[in-house]
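Structural description and commentary
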Amino acid sequence: MELEVKTLDGAVAGTVALSDEIFGLDPRADILQRVVRWQLAKRQAGTHKALTRTEVTKTGKKMYRQKGTGGARHGNKAAPQFRGGGKAFGPVVRSHEHDLPKKVRALGLKLALSAKAKGANIVVLDEAVAAEAKTKALKTKLAALGLTNALIIDGANPQDQFRLAARAIPQIDVLPVQGINVYDILRRDTLVLTKAAVSALEERFK
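Everything numeric here is computed off the predicted structure, so don't read it as measured data.

1. Overview of the side chain of Asp173
Along the polypeptide, Asp173 turns up in strand β5 (residues 172-176). Excluding residues within four positions of it along the chain, Asp173 makes contact with Ala150, Leu151, Ile152, Arg187 and Arg188.

2. Observations regarding the domain arrangement of the protein chain
For the protein chain, the assigned domains read domain 1 (2-45 + 97-205) and domain 2 (47-93). A straight line from the C-alpha centre of domain 1 to that of domain 2 covers 54 Å.

3. As for the sheet that holds strand β6 (residues 190-194)
The sheet built from six strands is open, its strands ordered β2-β1-β3-β6-β4-β5 with mixed pairing. Edge positions in the open sheet fall to β2 (12-17) and β5, since each of these has one partner strand only. On average, each strand axis in the sheet is inclined to that of its neighbour by 30°, with strand direction left out of account. Two elements, strand β1 (residues 2-6) and strand β3 (residues 122-125), share two bridges in a ladder whose sense is parallel. Bridge pairing in β3 links Val5 to Val124.

4. Comments concerning helix α5 (residues 160-167)
Here α5 has its buried residues at Phe162, Ala165 and Ala166. One side of α5 holds all its buried residues, which, seen down the axis, span an arc of 95°. Where α5 is buried, its residues contact α4 (135-144), β4 (150-154) and β5.

5. Let's talk about unusual backbone geometry
The phi torsion at Phe89 lies on the positive side, around 55°, for a residue other than glycine. Looking at the element boundaries, Phe89 is found in the loop between α2 (29-43) and α3 (102-118). The exposed category is assigned to Phe89, whose relative accessible area is 87%. A positive phi angle, near 65°, is found at Gln171, a position not held by glycine. Look at Gln171 and you get partly exposed, because its relative accessible area is 43%.

Thresholds, definitions, all that
- Residues numbered from 1 in each chain as written.
- Predicted model: local features only at pLDDT ≥ 70, side-chain atom pairs only at ≥ 80, totals over all residues.
- Heavy atoms only, no water.
- Helix = DSSP H or I, 4+ residues; strand = E, 2+ residues; numbered from the N terminus.
- Contact = heavy atoms within 4.5 Å.
- Domains from an automatic or database assignment.
- Pairing = 2+ DSSP bridges.
- Axes fitted to C-alpha atoms, helices over the stretch in contact; angles between N-to-C directions.
- Buried < 20%, exposed > 50% of the residue type's maximum accessible area, 1.4 Å probe, protein only.
- Arc of directions from axis to C-beta.

Here's what the structure looks like:
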């Protein structure tokens, strides 16, 4: 598969060949769903917590005599049935992370890239470089390329001026190639790869 390489100014800067082993696979929604679910579960905080009866501050003194009141027999105000008492079987701090084989994760990334290529939603840039960190100027150039909702993947070290200029543009994300992931690819309409990112991806999946 060959795509035109464009500059930020909209000019054509040659072509690049994309590997069919990475960008030409048939779609598999089930694999993509597994990888996205794994990603979201891994980043879930899991910091929800409720106090149990051993953690609330309540008296342990018996409230009234054991017999003769006509009521149930109780001995601790921290019991779950009382207002202000501890929570029975409440949420605890835990990790929501689960395992996913590396081969499935790698396949999921290839399938996400292939899905964008199949839908003609991949743009290849010569380089992602800005003369200065000006959001307005960069936003104008991206809009001229039709990039209003896009994920931009650069090489290992994206240029600071470009990254800072893009930071304030809504629905535009910039990531280094080592941070590329299925969820971010799918949540944006267009995937933008620099030539450095294409080379790094092909090297990664050799």
